[in-house]
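Report on the structure
Now for the letters of each chain:
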Amino acid sequence: MNPILNQNLFLVKEHIGMFKAANNYDIYNPETNQIIMNCRENNLGFFTKMLRFYRL
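Residues numbered from 1 in each chain as written. Predicted model: local features only at pLDDT ≥ 70, side-chain atom pairs only at ≥ 80, totals over all residues. Heavy atoms only, no water.

1. What about the packing of aromatic side chains?
Two descriptors summarise a pair of aromatic rings, namely the distance from one centre to the other and the angle between the planes of the rings. For the record, the criterion: Pairing of aromatic rings covers Phe, Tyr and the six-membered ring of Trp, with a centre-to-centre limit of 6.5 Å; geometry is then stacked below 30 degrees between planes, edge-to-face above 60, and tilted otherwise. Three exposure classes are used, based on accessible area relative to the maximum for each residue type with a 1.4 Å probe and protein chains only: buried under 20%, partly exposed in between, and exposed over 50%.
Applying the stated criterion across every chain yields a total of one aromatic pair. Ring centres of F46 and F47 lie 5.5 Å apart, and the angle between their planes is 70 degrees; this geometry places the pair in the edge-to-face category. The same class applies to F46 and to F47, which are both exposed.

2. Considering the sheet that holds strand β3 (residues 34-40)
Consider a sheet: its strands pair through backbone hydrogen bonds, and that pairing is either parallel or antiparallel. The line we're drawing: At least two bridges found by DSSP between two strands is the condition for calling them paired. Working definition: helices are DSSP H or I runs of at least four residues, strands are E runs of at least two. Numbering for both runs from the N terminus. Lines fitted to C-alpha atoms define the axes here, with helix axes fitted over just the stretch in contact, and angles between the N-to-C directions of these axes take values from 0 to 180 degrees.
An order of β1-β2-β3 is seen for the three strands of this open sheet, with the pairing classed as antiparallel. Of all strands in the sheet, those bounded by a partner on one side alone are β1 (11-14) and β3. Averaged over all adjacent pairs, the angle separating strand axes in this sheet is 25 degrees, with direction ignored. The pairing of strand β2 (residues 24-29) with β3 spans six bridges and is antiparallel.

3. Topic: unusual backbone geometry
Despite not being glycine, N33 shows a phi value in the positive range, around 60 degrees. Inspection of the secondary structure assignment puts N33 in the loop between β2 and β3. One non-glycine residue with positive phi stands out, namely N43, at about 55 degrees. With respect to the secondary-structure elements, N43 resides in the loop between β3 and α1 (46-53). A residue is classified by how much of its surface remains accessible, and N43, at 79% relative accessible area, is exposed.

4. Some words on the environment of I4
If you trace the backbone, I4 turns up in the segment before β1. Given the relative accessible area of 22%, I4 is considered partly exposed. Taking C-alpha positions, I4 is 24 Å from A22, a pair spaced 18 residues apart along the chain.

5. So, the confidence of the model for the protein chain
Test applied: Confidence of the predictor at the level of single residues is captured by pLDDT, which takes values from 0 to 100.
Per-residue pLDDT for the protein chain has a mean of 84; in total, 96% of the residues score no lower than 70. The spread of mean pLDDT over the elements of the protein chain runs between α1, the lowest at 82, and β2, the highest at 93.

Below is the structure:
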């Protein structure tokens, strides 16, 4: 198992923006305030982006 998962507390910062299709997060260690993990959605296809903006 990844040693990062042994921690009990995380600080998650979401990168927000207008008309943004991909989700991006930074995971911090709250005790040291250092980034321990980056979560990015790379290479989204055209149809995936269009469907995320489509609202019923």
